[in-house]
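Per-entry structural report
What follows is each chain in one-letter form.
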Amino acid sequence: MDTKIFLNLPVKDLNRAISFFNELGFPTNPKFTNEQGACIVISENINVMILVEEFYLTFTKKQICDVAKASEVLISISLDSREKVDEMLEKAVKAGGTDYIPAKDYGWMYQRTFLDVDGHHWEVFFMDESQIPNQM
C-alpha cells in the first residue's frame, strides 16, 4: 500500500470550506465525510481533512491557532504549468479565498499564495527542475 497523507485543518463552517475546495476542483470523498468533517482529495495519495473546530480539538490538547495572528503551516502544491498556478489562484479568490502574497517568479519556479476561507496559507507553484541553478 502506498503511503498517504491526511493533512488535518480546523474550519469554522464545514459547508463553506467544502464548497471552497470543490470550487478549486478538489472533490470530496464521501467515505470520510459527515457533519463533523470532510475529506478533500488533492491527489491519489494526498487528502485534506477539514474538521469543524470542536471536533478538531478532540485530537489535540493544544489551542487552535488564530491564523489572523500566527502562521500554523504553509501548505504547498505543485501544478503542471504557470497557467495552472494562475488558474488555481483565480479559482481560490472567486471561491472566497484571499490573494495573499504577490506572485514570485524565480525563473525555474513560479509561485502564487492564497489564504482559504478559514485563513490557512496555501502556496501553488510550478517548478521546472531542469532549470534549477547549480548554486542555490
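Attention here is on the structure that accompanies the text. (Residues numbered from 1 in each chain as written. Predicted model: local features only at pLDDT ≥ 70, side-chain atom pairs only at ≥ 80, totals over all residues. Heavy atoms only, no water.)

Some thoughts on the overall build of the protein
- The helix and strand inventory of the protein stands at three helices and eight strands.
- Put simply, the protein runs from its N terminus to its C terminus through helices and strands in the order β-α-β-β-β-α-β-α-β-β-β.
- For 136 residues, the compact-globule formula gives about 14 Å, and the C-alpha radius of gyration of the protein, at 16 Å, lands near that figure.
- Principal-axis analysis of the C-alpha atoms places the extent of the protein at approximately 45 × 40 × 30 Å.
- Once local pairs closer than 6 in sequence are excluded, the contacts in the protein between residues at least 24 apart make up 51%.
- Summed over all atoms, the accessible surface of the protein reaches about 8700 Å², with 51% contributed by carbon and sulfur.
- Seen as two clouds, the 13 positive and the 21 negative side-chain charges of the protein have centres 4 Å apart. (Helix = DSSP H or I, 4+ residues; strand = E, 2+ residues; numbered from the N terminus. Rg over C-alpha atoms; globule rule 2.2 N^0.38 Å. Contact = heavy atoms within 4.5 Å. Areas by Shrake-Rupley, 256 points an atom, 1.4 Å probe, with all protein chains shown as cover. Lys, Arg positive; Asp, Glu negative; His and termini not counted. Charge placed at Lys NZ, Arg CZ, Asp CG, Glu CD.)

Examining the sheet that holds strand β5 (residues 74-78)
- In spatial order, the strands read β5-β8-β7-β6; together these four strands make up an open sheet with mixed pairing. Strands at the two margins of the open sheet, each flanked by one partner only, are β5 and β6 (98-105). Strand-to-strand twist in this sheet, taken as the mean axis angle between neighbours without regard to direction, amounts to 20°.
- Pairing between β6 and strand β7 (residues 109-115): five bridges, direction antiparallel. Directly across from Asp105, in β7, lies its bridge partner Tyr110. (Pairing = 2+ DSSP bridges. Axes fitted to C-alpha atoms, helices over the stretch in contact; angles between N-to-C directions.)

Re the environment of Thr60
- Along the polypeptide, Thr60 turns up in the loop between α2 (53-56) and β5.
- Residue Thr60 is classed as partly exposed on the basis of its relative accessible area, which comes to 28%.
- Within the local environment of Thr60, its side chain forms a polar contact with the backbone nitrogen of Lys62, the two atoms lying 3.0 Å apart. (Buried < 20%, exposed > 50% of the residue type's maximum accessible area, 1.4 Å probe, protein only. Polar contact = N/O pair within 3.5 Å; in protein donor to acceptor, adjacent residues only side chain to side chain.)

So, helix α3 (residues 82-94)
- For α3, which comprises 13 residues, the first-to-last C-alpha distance of 19 Å matches the rise-based estimate of 18 Å (1.5 Å per residue) to within 8%.
- If you check which residues of α3 are buried, you get Val85, Met88, Leu89 and Ala92. Along the axis of α3, the buried positions cluster into a sector of 100°, meaning they face one direction only. Of the exposed residues in α3, those oriented more than 90 degrees away from the buried face are Glu83, Glu90 and Lys94.
- Buried positions along α3 lie against α1 (14-23), β6, β7 and β8 (121-127).
- The first or second residue beyond α3 is Gly96, which carries a positive phi of 110°. (Expected span 1.5 Å × (residues − 1). Arc of directions from axis to C-beta.)

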